[in-house]
Amino acid sequence: MNFKNVSYLWNEHDADKIKHDEVALLIYRSNLLGADLRLTNYGGGNTSCKVISKDPLTGSETEVMWVKGSGGDLGTLKKSGLAALYTERLRSLTNVYRGIEHEDEMVALFNHCIFDLESKAPSIDTPLHGFLPFKHIDHLHPDAAIAIAASKDGEQITKELFSGKIGWVGWQKPGFDLGLQLKKCLDENPGIRGIMLGSHGLFTWGDTAYECYINSLEVIEQCAEFINSKIAGKTTFGGQKITSLEGIKRIEQAAEIAPILRGLCSSQQKMIGHFTDDERVLEFINSNDLSRLAPMGTSCPDHFLRTKISPLILPLLPTEDLSDTASIKSKLIPEFVAYRKMYAEYYNTCKHSNSPAIRDANPVVLLYPGIGMFTFAKDKQTARVASEFYINAINVMKGSEAISSYTSLPRQEAFNIEYWLLEEAKLQRMPKPKALSGRVVLVTGSAGGIGKGISKKFADEGACVILNDNDQNRLNSAAEEFNAKYGKDVFTTALVDVTNKETINQAFNTAALYFGGIDIIVNNAGISISKPVEDHTEKDWDLLYDILVKGQFLVTQSGVKLLRKQGFGGDVINIVSKNALVSGPNNAGYGSAKAAQLHLSRLNAAEFGPDKIRVNTVNPDAVISDSKIWAGDWAAGRAKAYGITVEELPSFYAKRTLLNEIILPEDIANACFAIVGGLLNKSTGNVINVDGGVAAGFVR
Ligand SMILES: NC(=O)c1ccc[n+]([C@@H]2O[C@H](COP(=O)([O-])OP(=O)(O)OC[C@H]3O[C@@H](n4cnc5c(N)ncnc54)[C@H](O)[C@@H]3O)[C@@H](O)[C@H]2O)c1
Ligand SMILES: [Zn+2]
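Since the structure is predicted, the reported quantities are computational estimates derived from the model, not experimental observations. (Residues numbered from 1 in each chain as written. Chains lettered and ligands numbered in written order. Predicted model: local features only at pLDDT ≥ 70, side-chain atom pairs only at ≥ 80, totals over all residues. Heavy atoms only, no water.)

Before going further, it helps to spend a moment on the overall build of the protein. When you go through the protein residue by residue, the secondary structure sums to 26 helices and 18 strands. Judged by the C-alpha coordinates and their principal axes, the protein covers about 95 × 65 × 50 Å. Sorting the 700 residues of the protein into buried and exposed places 56% on the buried side. For the protein, long-range pairs separated by at least 24 residues make up 75% of all intrachain contacts whose partners lie at least 6 apart in sequence. (Helix = DSSP H or I, 4+ residues; strand = E, 2+ residues; numbered from the N terminus. Buried < 20%, exposed > 50% of the residue type's maximum accessible area, 1.4 Å probe, protein only. Contact = heavy atoms within 4.5 Å.)

Have a look at this one:
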């Protein structure tokens, strides 16, 4: 078969090397399937194989099923992600099965069937594989198959398209009973090559890993071709109603609205945002059918678990003037209130006596016609994945509508999945959020010693970071370091000159587009010039004041604008210097600029207090490690001022301190974290010296 809609990735040479190891072949096949998102969505689906092994308890031969365990993604599946169970024991659970009301209790019993002691916890889909007799089985969530599975005439279409060779099992929550239904479908339809699960996905199988792979690809290709033939020449989603704003203007509009949306979505918990103006999204959100299809909600459980039952459509024109936050909020707040009310009603009408408490009622997916889609979640990865899943849902709606009409899952069924006790238990097992989870941080000059140290500390504590500097090379190497350590969901970069308003605004736009907004702004960028007054040029003076004082002012001004749009407070931390308080020789420009930074911090603290924006100062001293400042003339200048050599500086500074300590970038980072970590929330206008103790620098 010639595949046009799926990727055929099987490599004979690679497969040949593991041809005697069925489990290795299962992992190989799973990775190939997971590499093509058209075959299954991220984290979706599972695969299995059954092999004969020696039972360590009896020494006799027994059949063992290896199946993807709970969690993880097919694309990166390893042996440690598989559960291995005695097939016979799993099947014998029918003897103790008390009926569909009690099927959740079966999950604990799966553990009694475990063969391999290194097994991952068996997932809820385990019986779906266990009750089918086939050696290799794929369960996938391809958009093309779900489009058929979620359409009004899905059963009929499946029957005709595959001439009865694909069975049909109507929507049912995954679990023990669905396993029995699959077996029943096979018994009633001998010779079928797969089963379509209504509103859910696909089961396909084969005698070997390769046959199973080919069967899955062929069935999905056929679904996709059928849908394409029906889409061709038709207007999709009832035709276009709204025209997108063009290119750069669209992005600017998105950046402008994002912090307002983030503020509203974070009424219970700080959320991180993601934005996309993918053309598949624009086609849907600009269409006539948007208002009919979006409220119906998504169908595949995987989709709505990530995206919530339905998105919120923003009542704004693409060209809407967004400059007056208050008036935009007055348009949006009633929509949010209505959404939360709708969600609470859904919860209250569907809940059972033992359901977990209602979760955050704010929307996850926000659609702005003509602009794009915003998603908000507890971290960037979750927000990004929610966005990808809503694109899957759009693909499904498009396909369903082309071949028949789209149907979503009944609300009660959606609720039973969303508030499933097993799903709740999974959420409870997740690691607790870190101190700065859900926060976005911009530290100026973060390619430098102290700035990078602060950014790292904040990322370690769960924050998202906008790395920025005016030194492109240093910024690139900081980005490389962050990519290796934290990955792309934790940071993004921006080239910023703190004396240039345009680049500052662009950096905050990046923060808004990439993460939804900003929480913590750290003014750290700086240079230093140490000269006696007679050598100090006007140019030196202006440079110092431009970067240190005006830079701090401009960055704060631009950042606070964003904080105010969000409306939930925030933090400004200014990295000043002991030199703001202590007088010494050859330091007129730098020292007085630092003093100006310090007083500016206090003035800002006084002004921003009513908006719950706190402004605090950290005064470092003698942080020599990794500092560009210390690599230059500054060190020579200071050494000269004290009558010592450059090499003698670190020990000179340490000895000069009350605690006799060398100060590291991490020490400054820890002080910044202390300010925002949660224990000092009622402090503003404060100064923390991190200098090993210099009596002359004590704050009076
Ligand atoms: N290192 C110390 O001993 C010490 C002591 C007291 C105060 N400080 C202050 O700490 C801050 C950080 O210093 P560091 O030691 O990490 O120095 P650093 O030179 O390693 O880092 C400063 C960073 O700011 C960047 N920068 C300079 N001008 C900029 C501009 N116009 N726009 C954007 N970025 C710019 C630099 O490229 C550099 O990456 C500075 O404000 C400094 O005055 C440092
Ligand atoms: Zn599934």
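All right, on to the pattern of salt bridges then. If you walk through the whole model with that rule in mind, you get 33 salt bridges. A salt bridge links Lys19 to Asp16; its shortest N-O distance comes to 3.6 Å. Lys19 sits in the partly exposed class, given a relative accessible area of 45%. We classify Asp16 as partly exposed; its relative accessible area is 45%. Among the ionic pairs, Asp277 bridges to Arg250, the shortest N-O distance being 3.0 Å. Of this pair, Asp277 sits in the loop between strand S8 (272-276) and helix H11 (279-285) while Arg250 sits in helix H10 (residues 247-265), and the two are 27 residues apart along the sequence. Accessibility expressed as a relative area gives 22% for Asp277, which makes it partly exposed. One salt-bridge network, held together by shared partners, links Arg262, Lys270 and Asp519. (Salt bridge = Lys/Arg side-chain N within 4 Å of Asp/Glu carboxyl O.)

A four-donor tetrahedral metal ideally has 109.5 degree angles, and a six-donor octahedral metal ideally has angles of 90 or 180 degrees. Looking at the metal site, the zinc ion (ligand 2) is ligated by His139 (NE2), His141 (NE2) and His200 (NE2), spaced 2.1 Å from it. Motif for the zinc ion (ligand 2), donor spacing along one chain: H-x1-H-x58-H. You'll find His139 and His141 in the same group, each marked buried. (Donors = N, O, S within 2.8 Å, 3.2 Å for Na, K, Ca; no water.)

Taken in spatial order, the seven strands of this open sheet run S3-S2-S1-S4-S7-S6-S5, and their pairing is mixed. Every other strand in the sheet has two partners, leaving strand S3 (82-86) and strand S5 (166-169) as the edge strands with one partner each. Within the sheet, the average angular offset between the axes of one strand and its neighbour, ignoring direction, is 20°. Sheet topology note: the strand S6 (residues 194-197)/strand S7 (residues 201-206) ladder contains four bridges and is antiparallel. Looking at the pairing, Gly194 lines up with Thr204 of S7. Sheet strands touched by helix H8 (residues 176-188): S5, S6 and S7. Its angle to S5, the strand with the most contacts, is close to 140°. The sheet strands contacting helix H9 (residues 209-231) are strand S4 (136-140), S5, S6 and S7, and the helix crosses S7 at an angle near 145°. (Pairing = 2+ DSSP bridges. Axes fitted to C-alpha atoms, helices over the stretch in contact; angles between N-to-C directions.)

Scanning the model with the defined rule gives zero disulfides in all. No disulfide involves Cys185; its sulfur sits 15 Å from the nearest other cysteine sulfur, which is in Cys223. (Disulfide = S-S within 2.5 Å.)

One can find Ser400 in helix H15 (residues 380-403). From its side chain, Ser400 meets the backbone oxygen of Ala147 in a polar contact 2.5 Å long. Contacts of Ser400, omitting those with residues within four sequence positions, involve Ala147, Ala150, Ser151, Ser405 and Tyr406. (Polar contact = N/O pair within 3.5 Å; in protein donor to acceptor, adjacent residues only side chain to side chain.)

Turning our attention to the environment of Thr235. You can see Thr235 is positioned in the loop between H9 and H10. In the structure, Thr235 is positioned 167 residues away from Ala402 in sequence and 9.0 Å away in space, judged by C-alpha atoms.

Taken together, 31 residues sit near ligand 1, with Asp469, Tyr590, Val623, Ser627 and Lys628 positioned nearest. Gly448 places a polar main-chain atom, nitrogen or oxygen, 3.3 Å from an oxygen atom of ligand 1. In the environment of ligand 1, an oxygen atom lies 2.8 Å from a nitrogen or oxygen atom belonging to the backbone of Asn524. When ligand 1 is considered free in solution it has 810 Å² of accessible area, and contact with the protein chains removes 97% of it. Contributions of two or more residues to the shell around ligand 1 are made by helix H18 (449-460), helix H22 (588-608) and helix H23 (628-631). Per-element tally for the shell around ligand 1: the top contributor is H23, with three residues. (Near = heavy atom within 4 Å. Areas by Shrake-Rupley, 256 points an atom, 1.4 Å probe, with all protein chains shown as cover.)

This part covers a nonpolar patch on the surface. Taken together, the side chains of Leu658, Leu659 and Phe698 present a nonpolar region at the surface, about 340 Å² in accessible area. Relative to the assigned elements, Phe698 resides in the segment after strand S18 (687-690). (Patch = residues over 30% accessible without salt bridge, like charges linked within 9 Å, V, L, I, M, F, W, Y side chains within 5 Å.)

The side-chain alternation of S6 yields two buried faces, one formed by Gly194 and Met196 and the other by Ile195 and Leu197. On the question of chirality, the crossover connecting S5 to the parallel S6 by way of H8 is right-handed. (Right-handed = clockwise from strand over helix to strand, strands pointing away.)

To continue, consider the sheet that holds strand S17 (residues 613-620). Strand order in the open sheet formed by seven strands is S14-S13-S12-S15-S16-S17-S18, with parallel pairing between adjacent strands. Each edge of the open sheet carries a strand with a single partner, namely strand S14 (491-495) and S18. Averaged over all pairs of adjacent strands, the angle between their axes in this sheet comes to 20°, without regard to strand direction. Examined bridge by bridge, S17 and S18 share four bridges and lie parallel to one another. Bridging across to S18, Thr617 finds its partner in Val687. H22 contacts strand S16 (570-575), S17 and S18 of the sheet and is inclined by roughly 160° relative to S17. Along the sheet, helix H26 (residues 665-676) makes contact with strand S15 (520-523), S16, S17 and S18, crossing S17 at roughly 160°.

The next thing to look at is helix H14 (residues 325-350). Spanning 26 residues, H14 covers 36 Å between terminal C-alpha atoms, matching the ideal 38 Å at 1.5 Å per step. Along H14, the residues that are buried comprise Thr325, Ile328, Lys329, Leu332, Phe336, Tyr339, Tyr343, Tyr346, Tyr347 and Cys350. Turning to H14, the residues buried within the fold contact H10, strand S9 (312-313), strand S10 (365-368), helix H16 (411-418) and helix H21 (538-566). (Expected span 1.5 Å × (residues − 1).)

Along its sequence, the protein is carved into domain 1 (12-231), domain 2 (247-429) and domain 3 (440-622 + 663-697). Contacts between the two partners involve 21 residues from domain 2, matched on the other side by 19 residues from domain 3. The tally of links between domain 2 and domain 3 comes to three salt bridges. Linking Asp519 and Arg262 is a salt bridge whose minimum nitrogen-to-oxygen distance equals 2.6 Å. (Domains from an automatic or database assignment.)

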